[in-house]
Structures are given as C-alpha cells and as structure tokens.
Amino acid sequence: MTVRAVIKGVGHYLPERVVPNSEFEATLDTSDEWIRTRSGIERRHFAAEGETTSQLGAHAARAALKDAGLEADDIDMIIVATSTPDLTFPSVGTMIQKELGMTKGFAFDVQAVCAGFVYALSNANAQIVSGQAKRVLVIGAETFSRIMDWTDRSTCVLFGDGAGALVLEAQEGTGTSDDRGILSVDLNSDGNYRDMLYVDGGVSSTGDSGKLRMQGNALFRQAVSKLASTAETAMDKAGITAADIDWVVPHQANIRIIEGTAKKLGLPMDKIVVTVQDHGNTSAASIPLAMSVGKARGQIKQGDICVAEAIGGGLAWGAVVLRW
Ligand code: UT7
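Residues numbered from 1 in each chain as written. Predicted model: local features only at pLDDT ≥ 70, side-chain atom pairs only at ≥ 80, totals over all residues. Heavy atoms only, no water.

A word on the sheet that holds strand β6 (residues 135–143)
Point 1. The strand order across the open sheet built from five strands is β1-β7-β6-β4-β5, with neighbouring strands paired in mixed fashion. Only two strands of the sheet have a single partner each, and these edge strands are β1 (2–13) and β5 (106–110). Averaged over neighbouring strand pairs, the angle between their axes works out to 20° when direction is ignored.
Point 2. Here β6 pairs with strand β7 (residues 161–173) via nine bridges, running antiparallel. Within β7, the residue paired with I139 across the bridge is A165.
Point 3. Where helix α3 (residues 92–99) meets the sheet, it contacts β4 (77–81), β5 and β6, and its direction lies at approximately 140° from that of β5.
Point 4. Sheet strands touched by helix α4 (residues 116–129): β1, β4, β5, β6 and β7. Its angle to β4, the strand with the most contacts, is close to 160°. (Pairing = 2+ DSSP bridges. Helix = DSSP H or I, 4+ residues; strand = E, 2+ residues; numbered from the N terminus. Axes fitted to C-alpha atoms, helices over the stretch in contact; angles between N-to-C directions. Contact = heavy atoms within 4.5 Å.)

Concerning the packing of aromatic side chains
Point 1. All told, the structure shown has three aromatic pairs when counted by the stated rule.
Point 2. A ring pair is formed by F46 and W150, whose centres lie 5.5 Å apart and whose planes are at 75°; its orientation type is edge-to-face. Residue F46 is located in strand β3 (residues 43–46), and its partner W150 is located in the loop between β6 and α5 (153–156); the two are separated by 104 residues in the primary sequence.
Point 3. Accessibility expressed as a relative area gives 39% for W150, which makes it partly exposed.
Point 4. Between the aromatic rings of F106 and F108, the centroid separation amounts to 6.3 Å while the plane-to-plane angle is 0°, which identifies the pairing as stacked.
Point 5. Its relative accessible area of 28% is what places F106 among the partly exposed residues. (Phe/Tyr/Trp six-rings, centres within 6.5 Å; stacked < 30°, edge-to-face > 60°. Buried < 20%, exposed > 50% of the residue type's maximum accessible area, 1.4 Å probe, protein only.)

A word on the packing of helix α6 (residues 216–238) against helix α7 (residues 255–265)
The relative placement of two packed helices comes down to the angle between their axes together with the axis-to-axis distance.
Point 1. Packing of α6 against α7 brings their axes to within 9 Å, and their N-to-C directions diverge by 45°. In terms of orientation, α6 lies oblique with respect to α7. Classified by chirality, the crossing of α7 by α6 is right-handed. In this structure, α6 contributes F220, A223, V224, S225, L227, A228, A231, E232 and M235 to the contact, and α7 contributes R256, I257, G260, T261, K264 and L265. (Parallel < 35°, antiparallel > 145°, perpendicular 65-115°, else oblique. Left-handed = near helix turned anticlockwise from the far one by under 90°.)

Quick look at the domain arrangement of the chain
Point 1. Taken domain by domain, the chain holds domain 1 (2–173) and domain 2 (181–323).
Point 2. Between the C-alpha centres of domain 1 and domain 2 the distance comes to 14 Å.
Point 3. Across the boundary between the two partners, domain 1 contributes 54 residues, which contact 48 residues of domain 2.
Point 4. Both faces considered, domain 1 and domain 2 share a buried interface measuring about 3900 Å² in area, 64% of it formed by carbon and sulfur atoms.
Point 5. Counting the contacts that link domain 1 with domain 2 gives three salt bridges.
Point 6. We note a salt bridge from R213 to D149, for which the minimum N-O separation is 2.9 Å.
Point 7. Taken together, the connections running from domain 1 to domain 2 amount to 18 residue pairs in polar contact (both at pLDDT 80 or more). (Domains from an automatic or database assignment. Buried area = accessible area lost by both parts, 1.4 Å probe. Salt bridge = Lys/Arg side-chain N within 4 Å of Asp/Glu carboxyl O. Polar contact = N/O pair within 3.5 Å; in protein donor to acceptor, adjacent residues only side chain to side chain.)

Some remarks on the sheet that holds strand β11 (residues 247–250)
Point 1. Across the sheet, which stays open at both edges, the four strands sit in the order β8-β13-β12-β11 with mixed pairing between neighbours. The open sheet is flanked by β8 (181–189) and β11, the only strands paired with a single partner. Averaged over neighbouring strand pairs, the angle between their axes works out to 15° when direction is ignored.
Point 2. In terms of strand pairing, β8 meets strand β13 (residues 316–323) through eight bridges, oriented antiparallel. Residue pairing in the sheet places I182 in a bridge with L322 of β13.
Point 3. Across the sheet, α4 lies against β8, β12 (305–312) and β13, angled at about 125° from β8, the strand it touches most.

Following this line, the structure appears as structure tokens:
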C-alpha cells in the first residue's frame, strides 16, 4: 500500500494595506516603470503595525480548514515555513496552534527562506508517509516588511507580506503518478552562496533581527538554472515529463525569472500561475498564496498535475510534483 499526502484544502490571507509601486517614488530614486519592467511587481501588501506573522498564518490556516470542511481539532500536525517569526521562540507553529484553539498534536517551524514552503511540504509528506501524522496544516507566512532597509532601493521594492496554507491528508494510493497527492520532492542547498541573500543580524551574532541584503543580479543568474534543474529532477522522480504538467506554481520573486524558467522547461506561460504583480516576493508564503489564488481563479482543478519550485537564501532550492 502506498500512502499519499493529498490536498484537502487551501487558503490564504493578505494584510489590508496595499502599497503600489508609485508610493516608493516619494522616498527613493526609483519609478513604477523600473519596478514593473525589472521585476513584474505592481503592488504588494504590508502588515499593519503590530500585525504579526502568526496572525497572518492563522487567518490563512482558517481559510484552508474551511475549504477542506475540517475543524482545527481534526489536525494533528502544523508546520510553518517562515524566516520572519513573531519571536525568536516559541515557534510560529505553536502560536498558530493556540490561536486555532488546538490542544493536541504538534507544531513547529522550518526555515529555508524563499524555498521554505517546498521544504515544509517535503517534511509534511514524510510525516504522513511514515504514519506520524494523518492531517497536516502546512503554512507559509511572512512579514518581510519588518526586515527591509527602506533606504535600499534594490531590495525594499521587491518584497511583501502574506500567508498561504494547505491541509494535507493521508490517503491510500496505488503508487503511480495517477494518484492524487504529493508524487515527488527534490531538495537542494549550498551554503557557499551565503552572501548572495542574507539578513545582517541575528540572535547569536548582532543580537537584533537585522536587514535583508541581496546580490540581486548574481542571484538572478543562479535562480533560472537551479529552478529548471530541480523541477526536472522532481518530474523524473515522479515519472512524468513537462508534457504532463497542468500548472507550474513558481516562487513569485520576479516575472523574468518565472518566464526564463518556463522557457527552459519548454512550457508556455499559460501553464504558469503568476501572482507576483499583486503580492511581490512574499518568500515562503508565495507558493501557497499562488496555489490559493490559482484555485480561486479556476486555474488549478482537482486532478491537475502541479509543479511547485522555489529558491532563496542559503542558497536553498527545491521542487515538489503533486496531483491536486
Ligand atoms: O526570493 C529569493 C529569490 N530572489 C531573487 O531571485 C531575486 C533575483 N534578482 C532579481 O529579481 C533582479 O536581479 C532584481 C529585480 C533584484 C534587479 O534586476 P536587474 O535587472 O538584475 O538589475 P541590476 O541589479 O543589474 O541593476 C540594474 C540597475 C542598477 O543601476 P546601474 O548600476 O546600472 O546604474 C541598479 O542600481 O538598476 C538599478 N536599480 C534600480 N533603479 C531604480 C536597482 N534597484 C532599482 C530601483 N529603481 N528600485
């Protein structure tokens, strides 16, 4: 018997405040035109003062539970992908567990920056396949606005806040790619790229949370080739080819990276879920946000083969193939 981690529900939450590109023109030497053409971003959401990552994540979790027709008590594990936790500890996962009124099961966080949701999906899949958990909330939640250097035009115009969540459930499968659920995972990291994308502070170094630093151009060049190769490896592991794919749900960092990766995979843009124009780069939240929006738009339907791929600080990158 093969156990599969099948998607039962999806949901997302975006903070109320929408910030158009034009808002940056008042304080920075930048323009709506530059941001749109170099990144594809038109607007992003920023959390209100005092609004935390766990609050965004809890909203998204409730939406995913509603979509699944389940209650919080039906869940036995919560995993949160985030690099912007409310506190150094306890985990955002346990905060969301409390917020949802859950007193059983277990909750924790994973940190793989923008690749975090792919890492979290992989972990959730392993827990389900090993019998450790039956119903899992997988959440990506971020408040990247808290780690922006507002004087650095090359980074602060690119990121946004938000959260997305999936409910996964253990179901019996046949072991073929006809099964619904997670079909394969490919994960990679290489710490030699540390300086390409990092935050210049932390508990055991500076004692504060620091600001994001990025070598955008160098990272861009790594992104397209690493994303295409991890997607191809995951497809090989699932026993499918690009022709079988209904939707790619990429990490939403830059429309030019999304287009370049699609081209390398030989896929037309009408098979790619694109939300970067509305959300900016929400790091670990970007894939579940795009999945939720893609389903709401009527793009992703039950039975569709989807490939999610992401890269971020570390560098860490990876891909998941699943049948929705
Ligand atoms: O989520 C993790 C993964 N993240 C990524 O993968 C991000 C990868 N990188 C990127 O998306 C792109 O590299 C950026 C959008 C960050 C930058 O685009 P680019 O085409 O690589 O531009 P660049 O860094 O080569 O900069 C071109 C010019 C520079 O000016 P000079 O040196 O040519 O005079 C920058 O100073 O654009 C300038 N620039 C800006 N100009 C106006 C940088 N930021 C801005 C800005 N407004 N906001």
